[in-house]
Amino acid sequence: MSCPRISEGSCELVSLRQGTTPEGNRQRRTSFRSKSACLGAGAALSANGVAIMSRRDERSMASPDTSPLDQVSKFPGSIVVMGVSGCGKTSVGEAVARAFGYAFIEGDGLHPQTNIAKMSAGVPLTDEDRWPWLGEIGRQLSASAEPLVVSCSALKRSYRALLRERAGGDLIFVYLQGSRDVLAGRMQHREGHFMPASLLDTQLATLEEPIGEPRTVVVDVDQSAADVIKATLAALRDPGLSS
Ligand SMILES: Nc1ncnc2c1ncn2[C@@H]1O[C@H](COP(=O)(O)OP(=O)(O)O)[C@@H](O)[C@H]1O
Ligand SMILES: O=C(O)[C@H](O)[C@@H](O)[C@H](O)[C@H](O)COP(=O)(O)O
């Protein structure tokens, strides 16, 4: 079981859904993540069962690999890490959240169970399936007094427009861009995740890349996880994003 983490041994975001046992949740996501087992004292469950790790907890889990990033000045505004399934949203989102001391929300954890069941069965989601999910992500972004890092595929311009509108305008998108071959490899090697690799092509067909959209950075994922994270953090230091 490979685990190209930059912070080996650290706890990760916990995403528990109501009615799902920690064990079931672990099976639905990736088998190498400790998830519920590491829900720390500062973590809290939102109304719909998604755990948000507190900033204090995340700081305490920062690995030596990310500690120099404590020097990064506080970044103004929430960040959505976007892209098709398998591009690295969770891996990168968690690391960015640790670096900035923000809470991380796993967007997959906010899907209604009907969406998870559809995707698990190899059926792509429709707009109608996604709107309530995107609305919930937007709600969490707007309800948070502190900036958040959220993983969300945000495949279409209209989806991103909704998230921007709900978040109040300060949202930054990190688009993790990769070739079909690279993405297919990542999905095939991932274990215990509900999303079948067969859905990659519909994800790519649905994707409207955010090229040229405001406050958006694009990162090539055809490099090691550590390098993708470094490149993301470097791109986020662009002072132009703060305005
Ligand atoms: N840059 C990378 N190099 C190699 N493997 C990676 C990289 N980024 C992520 N992975 C692995 O690829 C798989 C998909 O990553 P994940 O973060 O779950 O993507 P997403 O959340 O976008 O579906 C996981 O097994 C993860 O460990
Ligand atoms: O909009 C969608 O079709 C879904 O949100 C999809 O893009 C998402 O990727 C899945 O939830 C799989 O989860 P991962 O993105 O973690 O692979």
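Predicted model only: the values in this text are computed from it and were never measured. (Residues numbered from 1 in each chain as written. Chains lettered and ligands numbered in written order. Predicted model: local features only at pLDDT ≥ 70, side-chain atom pairs only at ≥ 80, totals over all residues. Heavy atoms only, no water.)

S.K.: How would you sum up the overall build of the protein chain? Please name residues and give values.
M.R.: Across its full length, the protein chain holds 9 helices and 7 strands. Across the protein chain, every contact between residues at least 6 apart in sequence was considered, and the portion connecting residues at least 24 apart equals 76%. (Helix = DSSP H or I, 4+ residues; strand = E, 2+ residues; numbered from the N terminus. Contact = heavy atoms within 4.5 Å.)

S.K.: Can you break down helix H7 (residues 180-189) residue by residue, with the values?
M.R.: Within the span of H7, buried status applies to Val 182, Leu 183, Ala 184, Gly 185 and Met 187. The secondary structure elements touched by the buried residues of H7 are helix H8 (200-206). (Buried < 20%, exposed > 50% of the residue type's maximum accessible area, 1.4 Å probe, protein only.)

S.K.: Mind laying out the environment of Ile 229, listing which residues take part and the relevant values?
M.R.: Looking at the secondary structure, you find Ile 229 in helix H9 (residues 225-236). Linking Ile 229 and Gly 88, residues 141 residues apart in sequence, is a C-alpha distance of 9.7 Å.

S.K.: Summarise the packing of helix H5 (residues 127-143) against helix H6 (residues 157-167); cite the residues concerned and give the values.
M.R.: Between H5 and H6, the shortest axis-to-axis distance is 8 Å and the interhelical angle comes to 25°. The pairing of H5 with H6 is recorded here as roughly parallel in orientation. Here H5 and H6 pass one another in a crossing that is right-handed. Between H5, through Asp 127, Arg 130, Trp 131, Leu 134, Gly 135, Ile 137, Gly 138, Leu 141 and Ser 142, and H6, the contact on the second element is made entirely by Ser 158, Tyr 159, Leu 162, Leu 163, Arg 166 and Ala 167. Considered class by class, the residues forming the contact of H5 with H6 number 8 nonpolar, 4 polar and 3 charged. (Axes fitted to C-alpha atoms, helices over the stretch in contact; angles between N-to-C directions. Parallel < 35°, antiparallel > 145°, perpendicular 65-115°, else oblique. Left-handed = near helix turned anticlockwise from the far one by under 90°. Nonpolar A, V, L, I, M, F, W, Y, C, P; charged D, E, K, R; others polar.)

S.K.: Could you give an account of the packing of aromatic side chains, with specific residues and numbers?
M.R.: Scanning the entire structure with this criterion turns up 2 aromatic pairs. Relative to Tyr 159, the ring of Trp 131 has its centre 5.2 Å away and its plane inclined at 85°; by these criteria the two rings are edge-to-face. Taken together, the positions of Trp 131 in helix H5 and Tyr 159 in helix H6 put the pair 28 residues apart, joining distant regions of the chain. (Phe/Tyr/Trp six-rings, centres within 6.5 Å; stacked < 30°, edge-to-face > 60°.)

S.K.: If you had to explain the nonpolar core to someone new, which residues and values would you point to?
M.R.: The biggest cluster of nonpolar side chains holds 56 residues, and the ones touching the most others in it are Ile 79, Cys 152, Leu 163, Leu 176 and Leu 236. If one sorts the elements of this core by residue count, helix H3 (residues 89-100) sits on top with 6 residues. (Core = buried A, V, L, I, M, F, W, Y, C linked by side-chain atoms within 4.5 Å.)

S.K.: For the pairing of strand E3 (residues 79-82), give the residues involved together with the corresponding values.
M.R.: On E3, burial covers both faces: Ile 79 and Val 81 on one face and Val 80 and Met 82 on the other are all buried. In this structure, E3 lies alongside strand E5 (residues 148-151), joined through 3 bridges in parallel fashion. Within the sheet, the bridge partner assigned to Ile 79 lies in E5 and is Val 149. Two strands pair when backbone bridges link them, and E3 and strand E6 (residues 172-177) are joined in this way by 4 bridges, in the parallel orientation. In the strand pairing of E6, Val 80 is matched with Phe 173. (Pairing = 2+ DSSP bridges.)

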